[in-house]
Amino acid sequence: MSKCVFAGCFDPFTVGHLDVVNRLSKIFDEVCVVVSKNAEKNLILNGEERLKLVSESINLNNVKVVLHEGLLVDFCKTYGADCIAKGVRNTVDFEYETMQSTVNKKLGEVETLFLPCSQDKSFISSSFVKELLSLGRDASEYLPRQIADEVQNIYSKKLKDKLNK
């Protein structure tokens, strides 16, 4: 059985992320979406909140969603994953992910699969969506429909609270 891991902070989970998951689910027998706890990033939502939203976005039998803190290669070993899949939008993503893949290979003998993102989603990022929301703009077209309203409400409130501190 072929398994891959698709990891990220997903703050928030976008239609670009969902597109990658849908495509991976057609390539691998099992896909594990790993919502990472990353203390270095300026996250709006905690891990459990992000896990809930990502889970609500995905309705595929061969995809599961988990929360993980620690080295991704350690998770891959425990999970029995064949590789880490990375969606790449541009050369900047590719350069960063290439460095990460080298580290992952050295630390855990895990291969990395680079999946170019769909052209119509190449400009979508969590940062872009957060910026729209912080400005009070509608970001629903960039979010999975199952969570668009919820994300907009939660992020708008949290971003306003953060700005008012």
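Look a little higher up for the structure.
Rules behind the numbers
- Residues numbered from 1 in each chain as written.
- Predicted model: local features only at pLDDT ≥ 70, side-chain atom pairs only at ≥ 80, totals over all residues.
- Heavy atoms only, no water.
- Helix = DSSP H or I, 4+ residues; strand = E, 2+ residues; numbered from the N terminus.
- Rg over C-alpha atoms; globule rule 2.2 N^0.38 Å.
- Buried < 20%, exposed > 50% of the residue type's maximum accessible area, 1.4 Å probe, protein only.
- Contact = heavy atoms within 4.5 Å.
- Areas by Shrake-Rupley, 256 points an atom, 1.4 Å probe, with all protein chains shown as cover.
- Lys, Arg positive; Asp, Glu negative; His and termini not counted.
- Charge placed at Lys NZ, Arg CZ, Asp CG, Glu CD.
- Phe/Tyr/Trp six-rings, centres within 6.5 Å; stacked < 30°, edge-to-face > 60°.
- Arc of directions from axis to C-beta.
- Pairing = 2+ DSSP bridges.
- Axes fitted to C-alpha atoms, helices over the stretch in contact; angles between N-to-C directions.

### A few points about the overall build of the chain
Right, on to step 1. The number of helices and strands found in the chain is six helices and five strands.
Right, on to step 2. Helices and strands appear in the chain in the N-to-C order β-α-β-α-β-α-β-α-β-α-α.
Right, on to step 3. At 16 Å, the chain has a C-alpha radius of gyration in line with the 15 Å of a compact globule built from 165 residues.
Right, on to step 4. If you line up the chain on its principal axes, its C-alpha atoms span 45 × 30 × 30 Å.
Right, on to step 5. Buried residues in the chain amount to 48% of all 165 residues.
Right, on to step 6. Contacts spanning at least 24 positions in sequence make up 75% of the contacts within the chain whose residues lie at least 6 apart.
Right, on to step 7. When the accessible surface of the chain is totalled, it reaches about 9,300 Å², and 50% of it is carbon and sulfur.
Right, on to step 8. If the 22 positive side-chain charges of the chain are averaged to one point and the 23 negative ones to another, these points end up 2 Å apart.

### Things to note about unusual backbone geometry
Right, on to step 1. Here the bond from Asp-11 into Pro-12 is cis, since omega is 0°, no more than 30 degrees from zero.
Right, on to step 2. Even without being a glycine, Phe-10 presents a positive backbone phi close to 55°.
Right, on to step 3. Looking at the element boundaries, Phe-10 is found in the loop between strand S1 (3-8) and helix H1 (15-27).
Right, on to step 4. Even without a glycine there, the phi angle at Glu-109 is positive, about 55°.

### Notes on the packing of aromatic side chains
Centre-to-centre distance and the angle between the planes together describe a pair of aromatic rings.
Right, on to step 1. Per the counting criterion, the structure on display carries seven aromatic pairs.
Right, on to step 2. Note on Phe-10 and Phe-13: the rings are 5.3 Å apart at their centroids and 75° apart in plane angle, and the pair reads as edge-to-face.
Right, on to step 3. When the centroid spacing of 5.9 Å and the interplanar angle of 75° are considered together, the rings of Phe-123 and Phe-128 count as edge-to-face.
Right, on to step 4. Owing to a relative accessible area of 26%, Phe-128 belongs among the partly exposed residues under this scheme.
Right, on to step 5. Linked through ring pairs, Phe-6, Phe-10 and Phe-13 together constitute an aromatic cluster.

### A look at the environment of Val-15
Right, on to step 1. Among the structural elements, Val-15 can be located in helix H1.
Right, on to step 2. For Val-15, a relative accessible area of 16% puts it in the buried group.
Right, on to step 3. Remark: the alpha-carbon pair of Val-15 and Tyr-142, spanning 127 residues in sequence, is separated by 5.5 Å.
Right, on to step 4. In contact with Val-15, other than residues within four places in its own chain, are Lys-121, Ile-124, Glu-141, Tyr-142, Leu-143 and Pro-144.

### What about helix H5 (residues 126-134)?
Right, on to step 1. If you check which residues of H5 are buried, you get Ser-126, Val-129, Lys-130, Leu-132 and Leu-133. Viewed along the axis of H5, the buried residues span an arc of 160°, placing them on a single side of the element.
Right, on to step 2. Immediately downstream of H5, the backbone of Gly-136 shows phi near 75°, a positive value.

### Focus on the sheet that holds strand S5 (residues 111-116)
Right, on to step 1. The five strands lie next to each other as S3-S2-S1-S4-S5, forming an open sheet whose pairing is parallel. One side of each edge strand has no neighbouring strand; the edge strands of this open sheet are strand S3 (63-68) and S5. Within this sheet the neighbouring strands show an average axis-to-axis angle of 30°, counted without direction.
Right, on to step 2. The sheet contact formed by S1 and strand S4 (residues 83-88) spans three bridges and is parallel. Within S4, the position partnered with Val-5 by the bridge is Ile-84.

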